[in-house]
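Understanding the architecture of this molecule
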Amino acid sequence: MSQDNTKNAHAIDLAVLNSYLAKACPSVGHVESADKFAGGQSNPTFKLTTDNGVYVLRRQPPGKLLKSAHAVDREFRVINALQGSDVPVPKVYHLCEDTSIIGSMFYIMAFVEGDIYWNSALPEIASCATRGAMYDEMNRVLAALHSVDIENAGLRDYGKPGSYFERQLSRWTKQYRASELEHIEEIESLIQYLESNLPEDDGQVSLVHGDFRLDNMMFDMSNNEQPKVVAVLDWELSTLGHPYADLAYQCMQLRLPSDIAHAAGLGGLDRKQLGIPSEQEYINTYCQRRGIDAIDNWTFYLAFSFFRLAAILQGVVKRAHEGNASSEKAMQLGAMVRPLAQIANKTIHHSE
C-alpha cells in the first residue's frame with residue numbers, strides 16, 4: 001500500500017467530525033486540522049488542532065477487526081477511571097462508539113507535553129543520577145497502578161479475577177500453536193517448564209497495564225533531579241490480572257540483549273555505570289512501595305513473560321506468511337522467537 005493510500009485510509013472527514021462534536025462534545029471546539037502521529041501504534045492516533053486548543057484523537061483502524069483487538073473503548077474506560085489517581089493519565093473528553101461518524105470507534109483526550117524515550121539504556125540522558133531517578137519514577141508509577149482500588153475505580157468487571165497465570169498460559173499456548181510454523185525445541189522446553197511450575201493462585205488481583213515499559217511513558221524532564229511521568233500511554237492490553245505480570249514483563253524487557261531486533265534491552269550492559277538499578281534493586285523498591293516482603297516464584301513469572309512475548313511475535317510472523325503484515329519487519333521479529341526462548345531457558349537453569 002502506498003503512503004498516500006495509507007493516509008487516505010486513515011483520513012478523517014473534518015466536516016462530519018465537527019458537525020458531530022458540536023453536539024456531542026462542544027468543549028473541544030472546532031477542529032481545524034487532524035494530523036496523524038508517526039509511529040507504530042496499532043490504534044491510529046491524531047493531533048487535533050482546534051480553535052480551543054490541542055487534543056488527541058485515538059481511533060480503531062478502519063476495516064474488519066479481530067473481536068477483542070484495538071479496544072479503544074476499554075482504553076477510554078480505564079483512563080477515565082484513573083483520573084485523579086496516583087497513576088498519571090491524560091484527561092479524557094469523549095468516547096464515540098458510533099462507527100458511522102469517522103468509520104470506526106474513537107475517543108478524544110488531552111494533548112500532554114512530554115518526552116518519550118525508546119532505548120532502555122537512556123543514551124540521550126547525560127547524568128547517571130537522572131537515569132536512576134527516571135527508573136525510580138517508573139517504579140513509583142507501577143506500584144501506584146497495582147495499588148489502585150478496583151472497586152472504588154469502578155473497574156470490578158474490567159477482567160476476570162483470579163487464576164490469571166493459568167488462564168494466560170493456556171491462552172498463549174493455544175495462540176502459539178495456532179501460529180506455529182516450525183518445531184522449536186527451546187519453546188517446547190519452556191512450555192513444559194511453565195506447565196510443571198505454575199504457582200498456586202495467591203489471590204492477588206490488580207489493574208495491570210499489559211505493556212508497561214519505558215517507551216509507553218511520557219516524561220516531564222524540566223527538573224533533571226526529579227523527572228516525572230506525566231502520562232502512561234497505550235492501555236490497549238490492560239485488564240484485571242496479577243501485578244507480578246507487569247513487573248516481570250518490565251524486568252524481562254531490561255534483560256533482553258541491547259542488540260536484539262526492536263528491543264534495545266539492558267542485557268550485557270553495565271547498569272551500575274549507567275546509574276540504572278539492578279533487577280533485584282528494582283524489585284526491592286517495588287516491594288517496599290507496596291508493603292511486600294518478597295516475591296516467590298519469580299523465575300516462573302519471568303519465564304512466562306518471555307513465552308508470552310515469543311507467542312505474540314510468532315503471531316506476527318504467521319500473519320506475514322498469510323500476507324497480512326509487513327513482511328520484512330515481521331521476519332526480523334520472527335527471528336527473535338528462538339533467542340527469547342533460549343534466554344528464558346537460561347534464566348530457568350540459573351535459578352535451579
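Quick note: structure is the one above.
All of the points below concern the structure found in this document.

Here is what the cut-offs are and how they apply
- Residues numbered from 1 in each chain as written.
- Predicted model: local features only at pLDDT ≥ 70, side-chain atom pairs only at ≥ 80, totals over all residues.
- Heavy atoms only, no water.
- Salt bridge = Lys/Arg side-chain N within 4 Å of Asp/Glu carboxyl O.
- Helix = DSSP H or I, 4+ residues; strand = E, 2+ residues; numbered from the N terminus.
- Polar contact = N/O pair within 3.5 Å; in protein donor to acceptor, adjacent residues only side chain to side chain.
- Contact = heavy atoms within 4.5 Å.
- Pairing = 2+ DSSP bridges.
- Axes fitted to C-alpha atoms, helices over the stretch in contact; angles between N-to-C directions.
- Core = buried A, V, L, I, M, F, W, Y, C linked by side-chain atoms within 4.5 Å.
- Buried < 20%, exposed > 50% of the residue type's maximum accessible area, 1.4 Å probe, protein only.
- Domains from an automatic or database assignment.
- Disulfide = S-S within 2.5 Å.
- Phe/Tyr/Trp six-rings, centres within 6.5 Å; stacked < 30°, edge-to-face > 60°.
- Lys NZ or Arg CZ within 6 Å of the ring centre and 35° of its normal.

**As for the pattern of salt bridges**
Under the definition given, this model contains 14 salt bridges. Among the salt bridges present, the one from aspartate 157 reaches arginine 77, with a minimum N-O distance of 2.5 Å. Placement of aspartate 157 in the loop between helix H4 (128-146) and helix H5 (164-179) and of arginine 77 in helix H3 (residues 72-81) is noted, with a sequence separation of 80 residues between them. With its nearest N and O atoms 3.0 Å apart, the salt bridge here joins aspartate 136 to arginine 289. On the criterion of sequence distance, the pair formed by aspartate 136 in helix H4 and arginine 289 in helix H9 (residues 279-290) is long-range, its members being 153 residues apart. Taken together, the salt bridges that share partners define one network made up of Arg58, Glu75 and Asp234.

**Brief notes about the side chain of serine 104**
Note that serine 104 resides in the loop between strand E4 (92-96) and strand E5 (106-110). Separated by 2.7 Å, the side chain of serine 104 and the backbone oxygen of glutamine 60 make a polar contact. With sequence-adjacent residues up to four places away left out, serine 104 is seen in contact with Arg59, Gln60, Pro61, Asp98 and Thr99.

**Description of the sheet that holds E5**
Strand order in the open sheet formed by five strands is E1-E2-E3-E5-E4, with antiparallel pairing between adjacent strands. Edge strands, defined here as strands with exactly one partner in the open sheet, are strand E1 (31-36) and E4. Adjacent strand axes in the sheet meet at a mean angle of 25 degrees when their direction is disregarded. Bridge analysis of strand E3 (residues 53-59) against E5 gives five bridges, and the strand direction is antiparallel. For arginine 58, the partnering residue across the bridge sits in E5 and is tyrosine 107. The sheet strands contacting helix H2 (residues 14-24) are E1, E3, E4 and E5, and the helix crosses E1 at an angle near 120 degrees.

**Regarding the nonpolar core**
Judged by nonpolar contacts, the single largest core of 92 residues is most densely connected at Val87, Ile187, Leu194, Trp235, Trp298 and Phe307. Sort the elements by how many residues they give to this core and helix H10 (residues 298-321) lands first, with 14 residues. The two domains that each donate at least three residues to this core are domain 1 (14-110) and domain 2 (115-350). Sequence-distant contacts of tryptophan 298, that is, excluding residues within four places in its chain, are made with Leu247, Ala248, Cys251, Glu279 and Ile283. Of all hydrophobic cores here, the second largest spans 16 residues; its members include Ile12, Val31, Cys96 and Ile102.

**Details of the state of the cysteines**
A covalent bond bridging the sulfur atoms of two cysteines is what the word disulfide describes. Within the structure shown, the criterion is met by zero disulfides. Take cysteine 96: it sits in no disulfide, and the sulfur closest to it among the cysteines is that of cysteine 25, at 11 Å. Cysteine 128 carries a free sulfur, and the closest cysteine sulfur to it, the one in cysteine 251, is 20 Å from it.

**Some words on the packing of aromatic side chains**
Evaluation of the coordinates by the stated rule reveals twelve aromatic pairs. Ring geometry for phenylalanine 165 and tyrosine 301: centres 4.9 Å apart, planes at 35 degrees, overall tilted. Here phenylalanine 165, found in helix H5, pairs with tyrosine 301, found in helix H10; they are 136 residues apart in sequence, far enough to count as distant. Using a relative accessible area of 6% as the deciding quantity, one classes phenylalanine 165 as buried. An angle of 90 degrees between the planes, with centres 5.5 Å apart, marks the rings of phenylalanine 165 and phenylalanine 304 as edge-to-face. A residue pair is termed long-range when its members are at least 10 positions apart, and phenylalanine 165 in helix H5 and phenylalanine 304 in helix H10 qualify at 139 residues. One exposure class covers both phenylalanine 165 and phenylalanine 304, and it is buried. A cation sits over an aromatic face here: arginine 74 above tyrosine 158, 3.9 Å from the ring centre. We note arginine 308 situated over the ring of tyrosine 249; from NZ or CZ to the ring centre the distance is 5.4 Å.

No statement about biological role is implied by the geometric values presented.
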